[in-house]
Amino acid sequence: MERTPERRRLPPLNALRAFEAAARHLNFSRAADELSVTPGAVSQQIQNLEDYVGASLFKRTPKGLLLTDAAQTALPALREAFDRLAEAASLLTAAVDGRRLTLTAPPSLAAKWLVPRLGDFERKFPQVDVWLQAGMELVDLTAGEVDVAIRYGSGRYPGLEVRRLMSETVIPVISPDLAATTPLDRPEDLAHHILLHDGSPDLDDSCPDWPMWLAARGVKGIDGARGPRFNQSSLVIEAAMNGRGVALAKRTLAQADLEAGRLIAPLQIATQVDFAYYLVHPKAKGRLPQVKAFTSWIEAEALAHEEALATIDNGAGI
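Since the model is a prediction, treat every value here as computed from it, not as a measurement.

About the cut-offs
- Residues numbered from 1 in each chain as written.
- Predicted model: local features only at pLDDT ≥ 70, side-chain atom pairs only at ≥ 80, totals over all residues.
- Heavy atoms only, no water.
- Helix = DSSP H or I, 4+ residues; strand = E, 2+ residues; numbered from the N terminus.
- Buried < 20%, exposed > 50% of the residue type's maximum accessible area, 1.4 Å probe, protein only.
- Lys, Arg positive; Asp, Glu negative; His and termini not counted.
- Charge placed at Lys NZ, Arg CZ, Asp CG, Glu CD.
- Core = buried A, V, L, I, M, F, W, Y, C linked by side-chain atoms within 4.5 Å.
- Contact = heavy atoms within 4.5 Å.
- Pairing = 2+ DSSP bridges.
- Axes fitted to C-alpha atoms, helices over the stretch in contact; angles between N-to-C directions.
- pLDDT = per-residue confidence, 0-100.
- Expected span 1.5 Å × (residues − 1).
- Bend = angle between axes of the 7 residues up to and from the residue.

Side note on the overall build of the protein
If you tally the helices and strands in the protein, you get ten helices and ten strands. Across its three principal axes, the protein shows a C-alpha extent of roughly 85 × 55 × 30 Å. For the protein, the proportion of its 318 residues judged to be buried stands at 43%. Side chains of the protein carry 35 positive and 40 negative charges; the gap between the two charge centres is 5 Å.

Written out as structure tokens, the structure reads:
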């Protein structure tokens, strides 16, 4: 006779959740606030778990709560288990709604580079609906609500699958009409222009601002701190296109406007920065067909973009 597999004996999930929250905060009241219950309920759940395992989980001291040795040993595995549960729940949701791909990206990259290309993805994969969220904050991908993210950064994203998409450089750009009335043939000519500043909070120390750019070229007598400042890269590019001044722009974001003639880069001076654009997602999300399709497509788009820039640079310049 075939034996029925023995069912796993697990402690109550609510007790485990209460313990994990209390262990993280080392405070029952803050754990209760997080779980939307009373401190007494948290205390009762902890007592139930201690009764279940037959050992104390917290030491109560005059300075507050401390974890016992047993609790400290078990806590990392418990946290990993909750992460896996959240991951499994997100996969169940994605399996039910296999048409949807939820994506986050920096606002300027989304507006200037990604959105103009998404029509091609939709034509090639009409079964997938892209839900794009543009924002500067780093979304917690382990929560399962977002499938993939494009990030501008160093590439160090622990616990996630990471694919490098594109590098970035910074170049001075100006509208053709403004350049016609106020020439920009050499860095010293910037003395006759308003400097437009990209104040996007990307924390890239290698990305030069105007004072750094001018100092690196030995240009003196220009106040590099003067001029309008914008908190999004796309806005400083738009200001340059409208003739408000000269922008120190991220080239990936400005390239479509350069190719269309809405901007020019007469100085042809590009500065490489350390940050790049990366595609990231939890490992489990990589098994979803819509994520596989998007990953393959965007890697091809990024490669074509970089190859096109290389051809321009090896030919007539920027």
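What about the nonpolar core?
Among the nonpolar cores identified, the biggest contains 59 residues, and Leu114, Ile150, Val173, Leu190, Phe294 and Ile298 are the most heavily contacted of them. With sequence-adjacent residues up to four places away left out, Phe294 is seen in contact with Leu101, Leu103, Leu118, Phe121, Val148 and Leu279. With 20 residues, the next largest nonpolar core counts Ala32, Leu49, Phe58 and Leu67 among its residues.

Notes on the sheet that holds strand β4 (residues 129–134)
Taken in spatial order, the eight strands of this open sheet run β4-β3-β5-β10-β6-β9-β7-β8, and their pairing is mixed. If you trace the sheet from one side to the other, it starts and ends with β4 and β8 (229–230), each paired once. Along the sheet, helix α5 (residues 107–124) makes contact with β3 (100–105), β4, β5 (148–153), β6 (161–173) and β10 (271–281), crossing β4 at roughly 175°. Relative to strand β7 (residues 195–198), helix α8 (residues 233–241) is tilted by about 165°, and along the sheet it contacts β6, β7, β8 and β9 (246–250).

A few points about the confidence of the model for the protein
In the predicted model, the protein carries a mean pLDDT of 89, and the fraction of residues at 70 or more is 92%. Scored below 50 in pLDDT, residues 1–6 makes zero contacts in the model with residues more than four places away or belonging to other chains.

Description of α5
Residues three or four positions apart in an α-helix share a direction because the helix packs 3.6 residues into each turn. Here α5 contains 18 residues, and its C-alpha end-to-end distance of 24 Å stays within 8% of the 26 Å for a straight helix at 1.5 Å per residue. Approximately 50° is the largest bend angle found in α5, and it occurs at Leu114, with the proline Pro116 only one to four residues beyond.

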